[in-house]
Amino acid sequence: MIRTKICELFDIKYPILQAPMGPFVTTKLAIAVSDAGGLGTISHAGILEEKDTVIDSVSKMKNDIQVVKKAAKGNFALNIRVAKLQLMLDAYKLADMVVDQVKNDPEVKRKLKAVITSAGDPTIFTRKFKDVGLKVMHVVPTVRHAKKAEEVGCDAVIASGYEAGGHVSPTPVHTNVLIPAVVDAVKIPVIAAGGFCDGRGLASALAMGAQGIQMGTRFINTKECEFHENYKKKIMEAKETDTEVILGMFGPARHLVNEYVMEQKALIAKGTSEDRIRSWELPRWPLAEKDGDINKGIMLCGQCSGRVKDIPTVGDLVERVMREAEETINRLQKLKGTQDLTSVQNQG
Ligand SMILES: Cc1cc2nc3c(=O)[nH]c(=O)nc-3n(C[C@H](O)[C@H](O)[C@H](O)COP(=O)(O)O)c2cc1C
């Protein structure tokens with residue numbers, strides 16, 4: 001059985017993390033991933049700039065923690081985005097609420113293993129969370145960011161390549177380059193993200209020195225994921241060329257191409273200000289994920305959508321990924337010693 005440092009760090013069976021996918025809700029998904037032996041994650045839900053975002057997102061996450069804590073058989077994590085805009089809105093209040101929950105609820109303390117901070121400075125909350133015994137993982141798109149996360153005391157980094165769904169680095173660095181570079185640059189465990197959807201991917205991440213993978217797009221297409229069925233169908237129909245990086249909440253973000261993407265590009269080409277784009281975009285957030293309008297709605301999604309062709313249960317998916325990873329590692333081991341390297345390369 002494949003076990004790595006992150007299995008020990010979070011007391012989980014398999015080195016598979018579910019990506020946070022705010023502003024959408026992933027409570028049921030988090031429970032299913034946790035039950036399947038991975039680390040499920042509560043997302044930072046709530047649409048930015050809504051008048052009641054702060055109250056909503058804080059009480060929402062508080063409720064989600066209670067729901068997941070009661071239902072999940074295994075451990076879980078949660079995400080707080082720490083971008084400047086998010087700090088102005090709800091990030092500090094969320095952090096206080098999480099610390100409070102850990103201090104006052106022994107079962108939360110036992111099962112909530114980690115906070116994933118993303119889209120900003122890892123310095124802000126790391127000490128605060130670690131002081132109550134939580135592990136902190138920060139999402140990083142470059143070696144420089146990974147070193148900084150290690151320096152300020154993060155327990156692990158999630159290195160996310162340009163293939164990923166959602167926010168990506170303004171300077172594109174792809175997963176195959178990013179992961180080994182980050183692994184070489186830091187001593188803390190590295191979790192690979194961006195484009196992972198199967199066991200070959202997990203085996204390749206381990207080969208590059210990562211301690212596990214985080215999957216977003218692949219987990220959308222599971223029976224338990226809360227996203228609208230049309231969102232899932234659209235992912236299954238997508239080719240690997242059907243996503244594009246356009247303006248997201250905090251900078252560039254990868255979306256599945258649809259009318260929304262085309263309209264946003266047209267607005268930008270006309271010189272529309274970012275503020276106006278924000279208010280145009282706001283009502284479009286829940287359209288695809290909640291109402292199933294896959295033309296006009298926002299569809300954050302990674303390049304690996306081109307490789308996702310089914311909607312299994314989370315349990316079946318996780319077992320399949322683990323089985324494939326083991327098969328891949330066994331297959332690679334057989335290459336060793338039975339053929340010389342030249343003949344392997346020549347077989348393509
Ligand atoms: C629908 C969607 C929403 C996302 N929202 C967030 C978020 O709120 N916070 C965050 O840190 N990452 C977010 N991400 C990025 C994921 O956490 C993860 O890094 C990414 O999905 C990995 O790439 P993959 O989609 O190829 O698996 C989002 C991704 C998707 C697809």
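Residues numbered from 1 in each chain as written. Predicted model: local features only at pLDDT ≥ 70, side-chain atom pairs only at ≥ 80, totals over all residues. Heavy atoms only, no water.

A. Inspection of the pattern of salt bridges at higher detail. Tallied over the entire structure, the rule returns 21 salt bridges. A salt bridge links aspartate 310 to arginine 218; the shortest N-O distance between them is 2.9 Å. Of this pair, aspartate 310 sits in the loop between α15 (285–289) and α16 (314–335) while arginine 218 is found in helix α11 (residues 217–220), placing the two residues 92 residues apart along the sequence. Taking the shortest distance from any N to any O, the salt bridge between aspartate 242 and lysine 239 comes out at 3.7 Å. With a relative accessible area of 49%, lysine 239 lands in the partly exposed category. Here the salt bridges do not stand alone but share partners, grouping Glu107, Arg110 and Lys111 into one network. (Salt bridge = Lys/Arg side-chain N within 4 Å of Asp/Glu carboxyl O. Helix = DSSP H or I, 4+ residues; strand = E, 2+ residues; numbered from the N terminus. Buried < 20%, exposed > 50% of the residue type's maximum accessible area, 1.4 Å probe, protein only.)

B. Region of interest: the packing of helix α5 (residues 91–104) against helix α7 (residues 123–131). Close contact between α5 and α7 brings their axes to 10 Å; oriented N to C, the two are set at 10 degrees. Accordingly, the angle class assigned to the pair α5 and α7 is roughly parallel. When α5 is examined against α7, the residues Ala91, Tyr92, Ala95, Asp96, Val98 and Val99 are found in contact with a partner set consisting of Ile124, Phe125, Lys128 and Phe129. Here the contact of α5 with α7 is built from residues that sort into 8 nonpolar, no polar and 2 charged. (Axes fitted to C-alpha atoms, helices over the stretch in contact; angles between N-to-C directions. Parallel < 35°, antiparallel > 145°, perpendicular 65-115°, else oblique. Contact = heavy atoms within 4.5 Å. Nonpolar A, V, L, I, M, F, W, Y, C, P; charged D, E, K, R; others polar.)

C. Quick look at the site of the ligand. Around the ligand lies a shell of 19 residues, among which Gly22, Arg81, Ser118, Gly195 and Thr217 are the nearest. Residue threonine 217 places a side-chain N or O atom 2.6 Å away from an oxygen atom belonging to the ligand. Against a free-state accessible area of 590 Å², the protein chains account for coverage of 95% of the ligand. Residues belonging to the shell around the ligand are distributed by class as follows: 8 nonpolar, 10 polar and 1 charged. (Near = heavy atom within 4 Å. Polar contact = N/O pair within 3.5 Å; in protein donor to acceptor, adjacent residues only side chain to side chain. Areas by Shrake-Rupley, 256 points an atom, 1.4 Å probe, with all protein chains shown as cover.)

D. Structural view of the side chain of asparagine 258. Its location among the elements puts asparagine 258 in the loop between β11 (252–256) and α13 (259–269). The class of asparagine 258 is buried, set by a relative accessible area of 7%. A polar contact is formed between the side chain of asparagine 258 and the backbone oxygen of asparagine 295, at a distance of 3.4 Å. Other than its neighbours up to four places away in sequence, asparagine 258 contacts Ile294, Asn295, Gly297 and Met299.

E. Structural context of the pairing of strand β8 (residues 190–193). Burial along β8 is two-sided: Val190 and Ala192 and Ile191 and Ala193, pointing in opposite directions, are all buried. As judged from the 4 bridges shared by strand β6 (residues 156–160) and β8, these two strands associate in the parallel manner. When the sheet's bridge partners are listed, serine 160 is paired in β8 with alanine 193. Pairing analysis gives 3 bridges linking β8 to strand β9 (residues 212–215), with the strands arranged parallel. Of the residues in β9, the one forming a bridge with alanine 192 is isoleucine 213. In the classification by handedness, the crossover that spans β8, the intervening helix α10 (residues 199–207) and the parallel β9 is right-handed. (Pairing = 2+ DSSP bridges. Right-handed = clockwise from strand over helix to strand, strands pointing away.)

F. Region of interest: the nonpolar core. Ranked by size, the top nonpolar core spans 91 residues in total, and within it Ile80, Val98 and Phe129 carry the most contacts. Beyond its immediate chain neighbours, meaning those up to four positions away, isoleucine 80 contacts His44, Ala91, Leu94, Ala95, Val98, Val115, Ile116, Thr117, Ser118 and Phe129. Phe10, Ile12, Leu39 and Ala193 belong to the second-largest nonpolar core, a separate cluster that totals 13 residues. (Core = buried A, V, L, I, M, F, W, Y, C linked by side-chain atoms within 4.5 Å.)

G. How the structure looks around the side chain of serine 34. Considering the arrangement of structural elements, one finds serine 34 in helix α2 (residues 27–35). Every residue in contact with serine 34, bar those within four places of it in the chain, is listed here: Gly40, Ala72, Lys73, Gly74 and Asn75.

H. Here's a closer look at the state of the cysteines. A full pass over the atoms with the stated rule returns 0 disulfides. Just so you know, cysteine 154 is unpaired, no disulfide at all, and the nearest cysteine sulfur is the one on cysteine 7, 20 Å from it. Looking at cysteine 304, it has no disulfide partner, and the nearest cysteine sulfur is the one in cysteine 197, 4.7 Å off. Of the residues examined, cysteine 304 reaches a relative accessible area of 7% and is grouped as buried. (Disulfide = S-S within 2.5 Å.)

I. Region of the structure containing the confidence of the model for the chain. The share of residues in the chain with pLDDT of 70 or more is 95%, and the mean pLDDT across the chain is 94. Note on residues 341–348: pLDDT is under 50 here. Beyond four places in sequence and across chains, it has 3 contacts. (pLDDT = per-residue confidence, 0-100.)

J. Representation of the sheet that holds strand β7 (residues 166–167). If you walk across this open sheet you meet the 3 strands as β7-β11-β10, and the pairing is antiparallel. Of all the strands in the sheet, the pair left with one neighbour each is β7 and β10 (243–247). Both β10 and β11 contribute to a ladder of 5 bridges, which runs antiparallel. When the bridges of β11 are listed, valine 245 appears paired with arginine 254. Packing against the sheet, α13 makes contact with β10 and β11, and its axis sits at approximately 40 degrees to β10.

K. Up close: the packing of helix α8 (residues 143–151) against helix α9 (residues 175–185). The N-to-C vectors of α8 and α9 enclose an angle of 35 degrees; their axes lie 9 Å apart at closest approach. For the pair α8 and α9, the crossing hand works out as right-handed. Residue-level inspection shows Val143, Ala146, Lys147 and Glu150 of α8 in contact with α9, the latter providing Leu178, Ala181, Val182 and Ala185. Among the residues forming the contact of α8 with α9, the class breakdown is 6 nonpolar, no polar and 2 charged. (Left-handed = near helix turned anticlockwise from the far one by under 90°.)

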